[in-house]
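# Chain and residue survey
Here is what each chain is made of, one letter per residue.
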Amino acid sequence: MKFEVTIIGSSSATPVYNRNPSAQLLNCNEKIYLIDCGEGTQQQLMKFGIKASKIDVVFISHLHGDHYFGLIGLLSSMHLNGRIKPIKIFAPAALKDILELQFKHSETILRYNIDFKPIEPGQTTQIFENADLTVETIVMNHRIPCSGFKFTQKKRLRKLIVEKLEQEQIPVEYFPLLKRGMDLDLPGGIVLRNADYTMDSDEPKSYCYCSDTLADDSYLSQLQNCTMLYHEATFLHEMLERANQTHHTTALQAAEVAKKVGAGKLLIGHFSSRYKTLLPLLEEAKTVFEHTELAIEGNTYHI
Ligand SMILES: [Zn+2]
Ligand SMILES: [Zn+2]
């Protein structure tokens, strides 16, 4: 099952050096989830050849503009492009008022429905579930209420050993039962042991998106052993004081988080405009956590 994330925006605060404010697309089993929607997200989607119409669920971490200023434009374009299928938006409650005010004064009546789901600030909740994955909020420590998101794949059915089933000419109508782990009683007293014809499916993977936050221990328990951790790394560690003042994280701290929770891989982003080149941030993180990559716009990372 496909489980990958494409970086749409990697900048903090303002667009700079061709970097755009935060936005990511998660693809889980060919369903597309938008995580944050900074200014320029639409342009970026076009640049990377991604159809906005494929987005059915949006998660907004908090109401600093660099995480949602692109949303009104995206929603308006969906309307103008004839969208009729509904869209779900998980976000701080006030975003509903903001969007409604903008639509009201432009006398826009959307052709499609926005199913707005307010996020409870300050608590961890499972907010979404479908056949492929669950999504929980992660309580971040930022200047205003802010949620990260943990995306966890669901355990799949058992995998068939097709070669063996074909060799023994087992009728296909039995396959769904085998996938569900059942032994089979065939006519004539033949018993097929499930373990001989199937394998366990892959362990479910998880992707944790930690947007703006002070690095502290409060949210680490939810990140334990995640397959991939995205963590903001706004500054180099020499700017620790500034990071603390603004409730942000340094590259070194992001790597320490990844190490403490036993993450498989670390992706760092939300880079300050003070850094024209990002290599020093990567090098700093790698001194603590080797499996670190920079969140580069347009790149897709397999989780
Ligand atoms: Zn931000
Ligand atoms: Zn912020």
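Quick caveat, the model's predicted, so the values are computed rather than measured.

## Describing the overall build of the protein chain
Across its full length, the protein chain holds 10 helices and 18 strands. Each principal axis of the C-alpha atoms in the protein chain carries an extent, and together these give about 75 × 55 × 35 Å. Sorting the 303 residues of the protein chain into buried and exposed places 50% on the buried side. Residue pairs in contact within the protein chain that sit at least 24 positions apart in sequence constitute 66% of those at least 6 positions apart. For the protein chain, the computed accessible surface area is about 14500 Å², with 51% contributed by carbon and sulfur atoms.

## What about the coordination of the zinc ion (ligand 1)?
Looking at the metal site, the zinc ion (ligand 1) is ligated by Asp66 (OD), His67 (NE2), Asp212 (OD) and His270 (NE2), spaced 2.1 to 2.2 Å from it. Positions of the donor residues of the zinc ion (ligand 1), expressed as sequence spacing, correspond to D-H-x144-D-x57-H. Separation of the zinc ion (ligand 1) from the zinc ion (ligand 2) amounts to 3.5 Å, with Asp212 serving as a shared donor to the pair. Of the two residues, Asp66 is situated in the loop between β4 (55-59) and α2 (71-80) and Asp212 in the loop between β14 (206-210) and α7 (220-223); the sequence distance between them amounts to 146 residues. The burial state of Asp66 is the same as that of Asp212; both residues are buried.

## Describing the coordination of the zinc ion (ligand 2)
Listed as protein donors to the zinc ion (ligand 2) are His62 (NE2), His64 (ND1), His142 (NE2) and Asp212 (OD); their distances from the metal cover 2.2 to 2.3 Å. Here the zinc ion (ligand 2) is ringed by four donor atoms whose angles at the metal span 91 to 166°, and the overall shape comes out irregular. Spacing between the donor residues of the zinc ion (ligand 2) along the chain follows H-x1-H-x77-H-x69-D.

## Describing the nonpolar core
Counting residues in each nonpolar core, the largest one holds 32 residues, and the members touching the most others are Tyr219, Leu223, Leu229, Ile268 and Leu281. Broken down by secondary-structure element, the contributors of at least two residues to this core are β14, α7, α9 (251-261), β16 (265-269) and α10 (279-286). Among the elements that make up this core, the one with the highest residue count is α9 (six residues). Ignoring any residue separated from it by four or fewer positions in sequence, one finds Leu223 in contact with Ile138, Cys208, Cys210, Leu229, Val257 and Val261.

## Side note on the pairing of strand β6 (residues 114-118)
For a regular strand, side chains alternate in direction, first toward one face of the sheet and then toward the other. Where strand β5 (residues 87-91) and β6 come together, five bridges link them in parallel fashion. Bridge assignment links Ala91 to a residue of β6, and that residue is Pro118. Taken together, β5, helix α3 (residues 94-105) and β6 form a β-α-β motif whose crossover is right-handed.

## Quick look at the side chain of Thr292
Tracing the chain through its elements places Thr292 in strand β17 (residues 292-294). A distance of 2.5 Å separates the side chain of Thr292 from the backbone oxygen of Phe289, its partner in a polar contact. Beyond its immediate stretch of four places on either side in the chain, Thr292 contacts Leu266, Ile268, Leu282, Ala285 and Lys286.

## Regarding the packing of aromatic side chains
If you walk through the whole model with that rule in mind, you get 10 aromatic pairs. Ring geometry for Phe59 versus Phe149: centroids 5.3 Å apart, planes at 55°, classification tilted. Taken as a pair, Phe59 in strand β4 and Phe149 in strand β9 (residues 147-153) lie far apart in primary sequence, 90 residues in all. Taken as a pair, Phe59 and Phe149 share a single burial class, namely buried. Here Tyr68 and Phe69 contribute two aromatic rings whose centre-to-centre distance is 5.2 Å and whose plane-to-plane angle is 65°, an arrangement assigned as edge-to-face. Through a chain of ring-to-ring contacts, three or more aromatic side chains come together here, namely Tyr33, Phe59, Phe90, Phe128, Phe149, Phe151 and Tyr207. Over the ring of Tyr112 we find Arg83, and its NZ or CZ is 5.6 Å from the ring centre. Directly above the aromatic system of Tyr197 lies the positively charged group of Lys164, at a separation of 4.8 Å from the ring centroid.

The rules behind these values
Position numbers for residues count from 1 along each chain, tracking the sequence in the order it is written. For naming, the first written chain is A and the first written ligand is 1, with later ones following in the order written. Per-residue local features are limited, in this predicted model, to residues with pLDDT of at least 70; the limit for side-chain atom pairs, both in listing and counting, is 80 or more; totals at the level of whole chains, interfaces and linings are taken over all residues. Water and hydrogen atoms were dropped before computing side-chain values, which therefore reflect all heavy atoms in the structure. Each helix corresponds to a stretch of at least 4 residues labelled H or I by DSSP, and each strand to a stretch of at least 2 residues labelled E; elements are numbered beginning at the N terminus. In this scheme, a residue with accessible area under 20% of its type's maximum is buried, one over 50% is exposed, and one in between is partly exposed, where area comes from a 1.4 Å probe on protein chains only. Residues count as neighbours in contact if any of their non-hydrogen atoms are within 4.5 Å of one another. Residue exposure ignores everything except the shown protein chains as possible cover, and the areas themselves are Shrake-Rupley values with a 1.4 Å probe. Counted as donors are N, O and S atoms no farther than 2.8 Å from the metal, or 3.2 Å for Na, K and Ca; water is not among the atoms, and sites may therefore look incomplete. For a four-donor site, all angles between 85 and 135 degrees give tetrahedral; for four or six donors, opposite pairs above 155 degrees with the remaining angles between 65 and 115 give square planar or octahedral; all remaining cases count as irregular. Put simply, a nonpolar core is a bunch of buried Ala, Val, Leu, Ile, Met, Phe, Trp, Tyr and Cys residues held in one set by side-chain atoms that sit within 4.5 Å of each other. Paired strands, in this sense, are two strands between which DSSP finds at least two bridges. The definition of a right-handed crossover adopted here requires that, viewed with the strands pointing away, the path from the first strand over the helix to the second runs clockwise. Within 3.5 Å is the distance limit for a polar contact, defined as a pair of N or O atoms, with the added protein rule that one can donate a hydrogen and the other accept it, and that residues adjacent in sequence qualify only through two side-chain atoms. Only Phe, Tyr and Trp rings take part, Trp by its six-membered ring, and two of them pair if their centres are within 6.5 Å. Stacked means planes under 30 degrees apart, edge-to-face means over 60, and tilted covers everything else. Throughout this description, the term charge over a ring refers to an Arg CZ or Lys NZ atom that lies within 6 Å of the ring centre and within 35 degrees of the ring normal.

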